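Residue-level structure breakdown
Here is what each chain is made of, one letter per residue.
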Amino acid sequence: MMSEWTKPSPTINEETRAYWTALDGHEMVVQRCRDCGAIQHYYRAFCAACWSTEVQDVPVSGEGRVWSHSTIWKNRAKGFADEVPYVVAVVELAEGVRVFGNIDAPPEDVAIDLRVRLKFVDTGAGWTFPLFEPIDGRPAA
Amino acid sequence: MNRLSRRCAIVGAYEHPLRKAPETNELLFAFEAAKGALEDAGLEPGDIDGLFTPPMTLEGGPLGPGAALLLSDYLGIRPRFLDESDVGGASFGYYVNRAAMAIDAGMMSCALIVYAARPRSGRRGIGAAASELRATPDSFEQIYGLPLVGFYGMLATRYMHVSGLTREQLAQVPVTMRSHAALNPDALYRDRITIDDVLGSSEIASPLHMLDCCVISDGAAAVVVANEEIARRLAKPPAWVLGFGEATMNHGRGQGDWVEDTVSMIGEAARGAFDMAGVGRGDIDAAMVYDAFSVNVPMALEGAGFATRATVGEMIGGGGIGVDGELPVNTDGGGLSSNHPGRRGLFMLVEAVRQLRGEGPGACVAGASTVATVATGAASVARRASAVHILGVE
């Protein structure tokens, strides 16, 4: 897809490895607590609602709606300086958690409630980048 | 009324007049601010038995964790009580609160709160992501290219969506701040601007343009917080700490709502402050509101109860936060025009004191006797804290 990944790569530790491994398999996971039922993102070794350590991975459908967004026109950081303008967003997944992401669409096409789905980009840097794209290019009615 | 109300006062306040300080260093800059505050109070270095300063990282400077002990050594003082709690720009409000509690507990009688940073001279980009991401939480967020202003862009997008605040109303915030800065000889930028200037300035992170973003200045300030006994024997009128409150928010396991959580966080801090002070919103003669970005102001005014979500756009758009408006906000020009080296909270407290004394370098609100400060700060993205203060003369 691209010759070299110049943006920052995640630091992965033993606690968070399963999240990134799932992405390599083209799946995003959130977590559900076996004790209290709470769901959460980002990935932890315990439930941040009740502190139970009995948490399980729940693969998400990958579909959601843009909860908020901003088009970045200036970012001097390595890997992003040449990419502006690009869209950062918070996407509310169908499962009810809000995750950060980029929207692979022209800035003028992005609006609150735009329906999006995940696709997975091999960075060539040893990890997989989750990227949202519009489902039909139109905000949900 | 809470027993902590009116038990201590800001007795000395000083904002360094320099906004560009290429010839000095952070420690010497901090010394000059501290000396200015002590002279303003009429106190000696030996009177200080508490020191509060933030561990600076994002805006540069030599003092990381351990800053309070290192600065004590440099200043040649030996305080009993130290604190360097870090909630970003709201840290200084936290220091006033901790000073008030330590004074009440008999741990301390007279605190110096000091800050100096030189990101402008050091050419530091405030809010840029570090190259090495922390596994948690940065790796889940910063891989997407989210500069600090990008968070506020998303916050503004969402707040405008739920409140109906218009882009033009939002632009009135930097326009008003600049009109105040025009009257302040120390402010970094003093040329008046229009709504068209704001909307015509380069877009940084939509919907925010360059003039929606705070200045990056060098800056230093200090205040002295003293107990009742000291406050009553000094020459200048004390700015009594009538009430204070604080609250935090975070990402809530990926289920936080940044708009509602921000408004309720500020609301919780404000409720604490107003309840402690025993005064109402209508008693406030001026407010200093943390304005790192234009959108901070309407959200803080709503959160603190000075407006409702339905009325805040009208209040701002109709001149309500101007120096002659119903609630003058940031009479010195704020972070948007006067001074913002990375953390602004201390300058807000200094300006509040100046308004109570009628001795601001710029605009003065005639007869101001009760002033509120509404600060927000962050560790990263929406891991935020708020500190609200009500200061007053007797």
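Before going into details, it helps to say that this report is about the structure given with it. (Residues numbered from 1 in each chain as written. Chains lettered and ligands numbered in written order. Predicted model: local features only at pLDDT ≥ 70, side-chain atom pairs only at ≥ 80, totals over all residues. Heavy atoms only, no water.)

1. Remarks on the pairing of strand S1 (residues 8–15) of chain B
Residues and elements named next belong to chain B. Here S1 lies mainly inside the structure; 7 of its 8 residues are buried. Here S1 runs beside strand S7 (residues 219–227); their pairing, made up of 7 bridges, is antiparallel. Among the inter-strand pairings, Ile10 is bridged to a residue of S7, identified as Val225. Strand direction decides the pairing type here: S1 and strand S8 (residues 239–249), joined by 2 bridges, are antiparallel. In the strand pairing of S8, Ile10 is matched with Ala239. (Buried < 20%, exposed > 50% of the residue type's maximum accessible area, 1.4 Å probe, protein only. Helix = DSSP H or I, 4+ residues; strand = E, 2+ residues; numbered from the N terminus. Pairing = 2+ DSSP bridges.)

2. Some details on the sheet that holds strand S2 (residues 39–40) of chain A
Residues and elements named next belong to chain A. With respect to topology, 3 strands assemble into an open sheet ordered S2-S1-S3, the strand pairing being antiparallel. Pairing within the sheet leaves two strands with one partner each, and these edge strands are S2 and strand S3 (55–59). When strand S1 (residues 29–33) meets S2, the two strands line up antiparallel, connected through 2 bridges. Each residue of the ladder has a partner; that of Arg32, found in S2, is Ile39.

3. Let's talk about the environment of A:Ile39
Along the polypeptide, A:Ile39 turns up in strand S2. Taking the C-alpha atoms as reference points, A:Ile39 and A:Gln56, separated by 17 residues in sequence, lie 9.4 Å from one another.

4. Structural notes on the interface of chain B and chain A
In this assembly, 38 residues from chain B lie in contact with 43 residues from chain A. Buried area between chain B and chain A, summed over both chains or domains, comes out near 3,400 Å², and the portion from carbon and sulfur atoms is 62%. Together, B:Phe140, B:Tyr144 and B:Arg253 form the three largest contributors to the area buried by chain B at its contact with chain A, with a combined 25%. Inspection of the region where chain B meets chain A yields 19 residue pairs in polar contact (both at pLDDT 80 or more). When residues of the side of chain B that touches chain A are traced back to their parent elements, those giving at least two are helix H4 (148–163), strand S5 (203–205) and helix H8 (258–277) of chain B. Taken together, the residues of the side of chain B that touches chain A break down into 14 nonpolar, 16 polar and 8 charged. (Contact = heavy atoms within 4.5 Å. Buried area = accessible area lost by both parts, 1.4 Å probe. Polar contact = N/O pair within 3.5 Å; in protein donor to acceptor, adjacent residues only side chain to side chain. Nonpolar A, V, L, I, M, F, W, Y, C, P; charged D, E, K, R; others polar.)

5. Comments concerning the nonpolar core
Ranked by internal contacts, the top residues of the largest apolar core, which has 176 residues, are A:Ile103, B:Val225, B:Trp258 and B:Leu301. When residues in this core are grouped by element, the largest group, 11 residues, is from H8(B). Those residues within four positions of B:Trp258 in sequence are excluded, and the remaining contacts are A:Trp67, A:Val90, A:Phe100, B:Phe151, B:Met154, B:Leu155, B:Met249, B:His251, B:Met299, B:Val381 and B:Ala382. By size, the runner-up hydrophobic cluster in this structure holds 5 residues, among which are B:Ala171, B:Val175, B:Ile193 and B:Leu211. (Core = buried A, V, L, I, M, F, W, Y, C linked by side-chain atoms within 4.5 Å.)

6. Here we look at the packing of aromatic side chains
Following the criterion strictly, the structure yields 22 aromatic pairs over all chains and no others. Note on A:Tyr19 and A:Trp20: the rings are 4.9 Å apart at their centroids and 90 degrees apart in plane angle, and the pair reads as edge-to-face. The class of A:Trp20 is buried, set by a relative accessible area of 3%. Among the aromatic residues, those joined into a ring-pair cluster are A:Trp5, A:Tyr19, A:Trp20, A:Tyr42, A:Tyr43, A:Trp127, A:Phe129, B:Phe140 and B:Tyr144. (Phe/Tyr/Trp six-rings, centres within 6.5 Å; stacked < 30°, edge-to-face > 60°.)

On their own, these measurements won't tell you what the molecule is for.
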